[in-house]
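Below, each chain spelled out in residue letters.
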Amino acid sequence: MVTKEIEDWYASLNFLQRTQHPYITYELIMDIPCRFEDVLAKQERRIKDIAEEFSKYNVRRIYVTGSGNSYYAAISAKYIIEEIVGIPTNHEEAFELANYTIPNLINYKISDYAVIGISLSGATKACIDSLKLAFENKAYTIGITGTTACPMEKWSRTIVIPRALRKDIPVRANTFATVLYTISLLATALRESLIKDSKVIKYKEQLREIPNIAKKILESLEPEIAQIAKKFVTDEDFYYVGGGPNYGTALDGALMVNEMSRARPWAWEVEEMCHGPWTTLRRRSIVVLVAPPGRSYHRITMVAHAIKESINATIISLVRKGSEGEIVKYSDHVIEVPENVDEVLTPIVYDIPLLLFAYYRGVFRGLNPDTHGMDVAGFEKMPRILHPPGWH
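Residues numbered from 1 in each chain as written. Predicted model: local features only at pLDDT ≥ 70, side-chain atom pairs only at ≥ 80, totals over all residues. Heavy atoms only, no water.

A closer look at the sheet that holds strand β10 (residues 333–337)
Item 1. Taken together, 5 strands build an open sheet; the order of strands is β7-β6-β8-β9-β10 and the sheet is parallel. Bordering the open sheet on either side are β7 (266–269) and β10, each of which pairs with just one other strand. Shown here is a sheet whose adjacent strand axes are inclined to one another by a mean of 20°, direction ignored.
Item 2. Relative to β7, strand β6 (residues 238–242) is paired through 4 bridges, and the arrangement is parallel. Note that in β7 the partner of Tyr239 across the bridge is Trp266.
Item 3. Strands β9 (314–320) and β10 of the sheet are contacted by helix α10 (residues 200–231), whose axis makes an angle of about 165° with β10.
Item 4. Across the sheet, helix α11 (residues 246–261) lies against β6, β7 and β8 (286–290), angled at about 160° from β6, the strand it touches most. (Pairing = 2+ DSSP bridges. Helix = DSSP H or I, 4+ residues; strand = E, 2+ residues; numbered from the N terminus. Axes fitted to C-alpha atoms, helices over the stretch in contact; angles between N-to-C directions. Contact = heavy atoms within 4.5 Å.)

Structure, rendered in structure tokens:
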């Protein structure tokens, strides 16, 4: 049932006021480096306090959860936490965690678990349900949000990403990168509190450099990515592929090209791509490979090789600037990302070129990337029914 409250919410959205580039979504993308800097400057003390409190608990497993691209961030966060902190970590979609996993674990001792919930609104029902259930069963709970005075605060120690939430548009273009940056800072603080060794130093140095890396990406790659996006405005068959921490990046890239430009993409973990999905590739398919140096690089290169030797579909590869590996040889377009960070932190920066690609593909198609399709007749009913008050 569509209530008056839902109708009032929809009427309050102002994204339809923008009729040309730059749209609100563009501002969100270009503002990502500032969000990194703000988290570092304004939340570092808060993060350290939470880490010190966390260290007093005997946490033996962590769950990271969210919905939509908050869940995709949770997938990448699993690798960040395990690599930096060394505590076994699971990622799970918030609805599944609240309705299936935690209820099944209640008979066991979950007071030595921790749950990190991600919701920029601080009010996503499935995420709040997960945190509430975990809190009531004495698990340690942390919330990552974009706002204060939200329902999340009742059930967790919250970390707020300053000015990350825009309530006037439904597209969450900056969620993935800013959440992962925040969780990476939390992971380094946890390692300092729990282990107190020197390994954390390199991660802290890289995280302090990431705002500058993000600025370089936006300054140096925007024109090139815009021109690549312009080539594929009529194509619909997109495959996004990543491995390890960048499986989450591939998922977010696919979601964003769907939301901003109405493509119908797939996203696959690299090994899963090798076990069936490749059979649906066609000559006109566009395959986007997230391929920084790391443990997944060789397998992703094999995917590129196989595609070129068989159907010769178009390959767009994201690689570290200066890479000269085989994947470059097999690619039709190479986007060189100016970064020098460990593989586990690369999702934070490799997501940004994918956001630009999604945005400009929408612009060149004559679409408004802010609207999430709600400017299409009839489609505006979907979120009104799916996300009534108290659900998102």
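Considering the packing of helix α4 (residues 44–54) against helix α9 (residues 175–194)
The geometry of a pair of packed helices is captured by two quantities: the angle between their axes and the separation between those axes.
Item 1. As a packed pair, α4 and α9 sit with axes 8 Å apart at the nearest point and diverge in direction by 45°. Here α4 lies oblique to α9, going by the angle between them. Like other packed secondary-structure pairs, α4 and α9 cross with a definite hand, here right-handed. Of α9, the residues touching α4 (which contributes Ile47, Lys48, Ile50, Ala51, Glu52 and Phe54) are Thr182, Leu185, Leu186, Ala189, Leu190, Ser193 and Leu194. (Parallel < 35°, antiparallel > 145°, perpendicular 65-115°, else oblique. Left-handed = near helix turned anticlockwise from the far one by under 90°.)

Quick notes on the packing of α11 against helix α15 (residues 346–364)
Item 1. Between α11 and α15, whose axes approach to 8 Å, the crossing angle comes to 20°. Of the possible angle classes, the one that applies to α11 and α15 is roughly parallel. Once α11 is placed against α15, the crossing between them reads as right-handed. Within the contact between the two elements, α11 uses Asn246, Thr249, Asp252, Gly253, Met256, Val257, Met260 and Ser261 and α15 uses Thr346, Pro347, Tyr350, Asp351, Leu354, Leu355, Phe357, Ala358, Tyr359, Arg361 and Gly362.
Item 2. A per-class count over the contact of α11 with α15 returns 10 nonpolar, 6 polar and 3 charged. (Nonpolar A, V, L, I, M, F, W, Y, C, P; charged D, E, K, R; others polar.)

Here's the deal with the pattern of salt bridges
Item 1. In this structure the tally under the stated criterion is 23 salt bridges.
Item 2. Of the charged contacts, one joins Lys215 and Glu37 as a salt bridge, the two residues approaching to 2.7 Å between their closest N and O atoms. With Lys215 in helix α10 and Glu37 in helix α3 (residues 32–42), the pair connects residues that are 178 residues apart, well separated along the chain.
Item 3. Since its relative accessible area comes to 30%, Glu37 is described here as partly exposed.
Item 4. In this structure, Arg191 engages Asp197 in a salt bridge whose closest nitrogen and oxygen atoms are separated by 2.5 Å.
Item 5. Overall, the relative accessible area of 32% leaves Asp197 in the partly exposed class. (Salt bridge = Lys/Arg side-chain N within 4 Å of Asp/Glu carboxyl O. Buried < 20%, exposed > 50% of the residue type's maximum accessible area, 1.4 Å probe, protein only.)

Some thoughts on the sheet that holds strand β3 (residues 113–118)
Think of a sheet as strands paired side by side through backbone hydrogen bonds, with each pair either parallel or antiparallel.
Item 1. Taken together, the 5 strands give an open sheet; going across it, the order is β2-β1-β3-β4-β5, and neighbouring strands pair in parallel fashion. Either end of the sheet is taken by a strand with one partner, and the two such strands are β2 (89–93) and β5 (157–160). Here the strands of the sheet are splayed against their neighbours by 20° on average, with no regard to which way each runs.
Item 2. The sheet contact formed by strand β1 (residues 61–66) and β3 spans 5 bridges and is parallel. Note on β3: the bridge partner recorded for Arg61 is Tyr113.

Re the environment of Ile228
Item 1. Mapped onto the secondary structure, Ile228 falls in helix α10.
Item 2. On the basis of relative accessibility, which here comes to 5%, the residue Ile228 falls in the buried class.
Item 3. Along the primary structure Ile228 and Phe357 are separated by 129 residues, whereas in three dimensions their C-alpha atoms are 7.6 Å apart.
Item 4. If we skip the residues at most four places from it in the chain, Ile228 touches Ile316, His333, Ile335 and Phe357.

Description of the side chain of Thr124
Item 1. Along the polypeptide, Thr124 turns up in the loop between β3 and α7 (125–136).
Item 2. By relative accessible area, Thr124 is classed as buried at 10%.
Item 3. Of the polar contacts made by the side chain of Thr124, one reaches the side chain of Ser119; its length is 2.9 Å. (Polar contact = N/O pair within 3.5 Å; in protein donor to acceptor, adjacent residues only side chain to side chain.)

Some thoughts on the side chain of Asn368
Item 1. Residue position: Asn368 is located in the loop between α15 and α16 (381–386).
Item 2. For Asn368, a relative accessible area of 9% translates into the label buried.
Item 3. Polar contacts involving the side chain of Asn368 include one to the main-chain carbonyl oxygen of Arg18, which spans 3.2 Å.
Item 4. A polar contact of 2.9 Å, which involves the side chain of Asn368, links it to the backbone nitrogen of Asp370.

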